[in-house]
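# Observations on the three-dimensional arrangement
Chain residues, written in single-letter form:
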Amino acid sequence: MAAAATGSVNLFHKYGGDTDRIFGRAGLRVNDISSPLEELNLQNFCNLFEEAAQSTGNSNIGLEFGQNFTPKKLGMLGFAAISAPTLAASLRTLEKYFPAHQDQTSFGLIADRDIL
């Protein structure tokens, strides 16, 4: 979902990036992330940050984006995760519903004795 790219335009501007060029080279348009419910291809999303790193000269731009990204920016999935009563319940919620957010990613929890 496009919600995963929330804040990217402002970050790219912060480092002098030409957002139309960055998005275009990643196979996207800036408008593609205007609605957080729009689907966003995982490869294009990854390419977006590769292009931003090249365009801005900041090889850590993806790390900075991730550091400032909060779960609530994922919409209902993020709110469900942060509303869970425990960390384990939060992770189980993410495990169960993550495919609705990103169907090209696998996410699972494995119990090893008494450790989740």
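Above: the structure in question.
Here is what the cut-offs are and how they apply
Residues numbered from 1 in each chain as written. Predicted model: local features only at pLDDT ≥ 70, side-chain atom pairs only at ≥ 80, totals over all residues. Heavy atoms only, no water. Helix = DSSP H or I, 4+ residues; strand = E, 2+ residues; numbered from the N terminus. Buried < 20%, exposed > 50% of the residue type's maximum accessible area, 1.4 Å probe, protein only. Contact = heavy atoms within 4.5 Å. Areas by Shrake-Rupley, 256 points an atom, 1.4 Å probe, with all protein chains shown as cover. Lys, Arg positive; Asp, Glu negative; His and termini not counted. Charge placed at Lys NZ, Arg CZ, Asp CG, Glu CD. Patch = residues over 30% accessible without salt bridge, like charges linked within 9 Å, V, L, I, M, F, W, Y side chains within 5 Å. Salt bridge = Lys/Arg side-chain N within 4 Å of Asp/Glu carboxyl O. Core = buried A, V, L, I, M, F, W, Y, C linked by side-chain atoms within 4.5 Å.

## Focus on the overall build of the chain
Scanning the chain from terminus to terminus reveals 6 helices and 0 strands. Listed N to C, the secondary structure of the chain is α-α-α-α-α-α in terms of helices and strands. With the principal axes as the frame, the chain shows a C-alpha extent of 50 × 25 × 20 Å. A buried classification covers 35% of the 116 residues belonging to the chain. At a minimum sequence separation of 6, the contacts of the chain that also span at least 24 residues come to 56%. As displayed, the chain has an accessible area near 7,500 Å², and 53% of this comes from carbon and sulfur atoms. Both charge centroids of the chain, one from 9 positive and one from 12 negative side chains, sit 5 Å from each other.

## Overview of a nonpolar patch on the surface
Taken together, the side chains of Met76, Phe79 and Ile82 present a nonpolar region at the surface, about 350 Å² in accessible area. Along the polypeptide, Phe79 turns up in helix α5 (residues 76-83). On the basis of relative accessibility, which here comes to 41%, the residue Phe79 falls in the partly exposed class.

## A closer look at the nonpolar core
The biggest cluster of nonpolar side chains holds 25 residues, and the ones touching the most others in it are Phe12, Phe23, Ile33, Phe45 and Leu48. At the level of elements, α1 (8-14), α2 (19-25), α3 (42-56), α4 (61-68), α5 and α6 (87-101) are the ones that each hand at least two residues to this core. The element contributing the most residues to this core is α3, with 5 residues. Ignoring anything within four residues of it in the chain, the contact list for Leu48 reads Ser8, Phe12, Ile22, Phe23, Ala26 and Leu28.

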